[in-house]
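Architecture and fold: a report
Letter by letter, the chains look like this.
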Amino acid sequence: MTDIQWEAPFCGEGNNCFRIGTDTDGNAYIAVAGQEDTYLTDTRDALRTLIRDIKAGKADHLL
């Protein structure tokens, strides 16, 4: 089993809480808070790019 170090939950409005984690192999993880056993994983670089793109507004059309 992968040893994931989870950050504190990031919560928007209501119960929309997500957690971001990393492991010692350079992988990054995103999960719904409370459901960390079901996660999406990719490299830290991919997560970094995702966050930068979201902050730049590239996902605004999804809102």
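You'll find the structure just up there.
Residues numbered from 1 in each chain as written. Predicted model: local features only at pLDDT ≥ 70, side-chain atom pairs only at ≥ 80, totals over all residues. Heavy atoms only, no water.

A word on the overall build of the protein
As a reminder of what qualifies: A run of DSSP states H or I qualifies as a helix once it reaches four residues; a run of E qualifies as a strand once it reaches two. Both are numbered from the N-terminal end. Each residue's exposure class comes from its accessible area (1.4 Å probe, protein chains only) as a fraction of the maximum for that residue type: buried when under 20%, exposed when over 50%, partly exposed otherwise. What makes two residues a contact is simply this: any of their non-hydrogen atoms within 4.5 Å. Residue exposure ignores everything except the shown protein chains as possible cover, and the areas themselves are Shrake-Rupley values with a 1.4 Å probe. The positive count covers Lys and Arg only, the negative count covers Asp and Glu only, and His and the chain ends enter neither. Working definition for charges: the position is that of NZ of Lys, CZ of Arg, CG of Asp or CD of Glu.
When its secondary structure is counted, the protein shows one helix and five strands. Helices and strands in the protein line up, N terminus first, as β-β-β-β-β-α. Referenced to the eigenvectors of the C-alpha coordinate spread, the extents of the protein come out at roughly 35 × 25 × 15 Å. In the protein, which comprises 63 residues, the share counted as buried stands at 16%. Sequence-distant contacts in the protein: of pairs separated by 6 or more residues, those separated by 24 or more amount to 13%. Carbon and sulfur atoms make up 52% of the accessible area of the protein, which amounts to about 5,100 Å² in all. Here the protein carries 6 positive and 11 negative side-chain charges, and the mean point of each set is 8 Å from the other.

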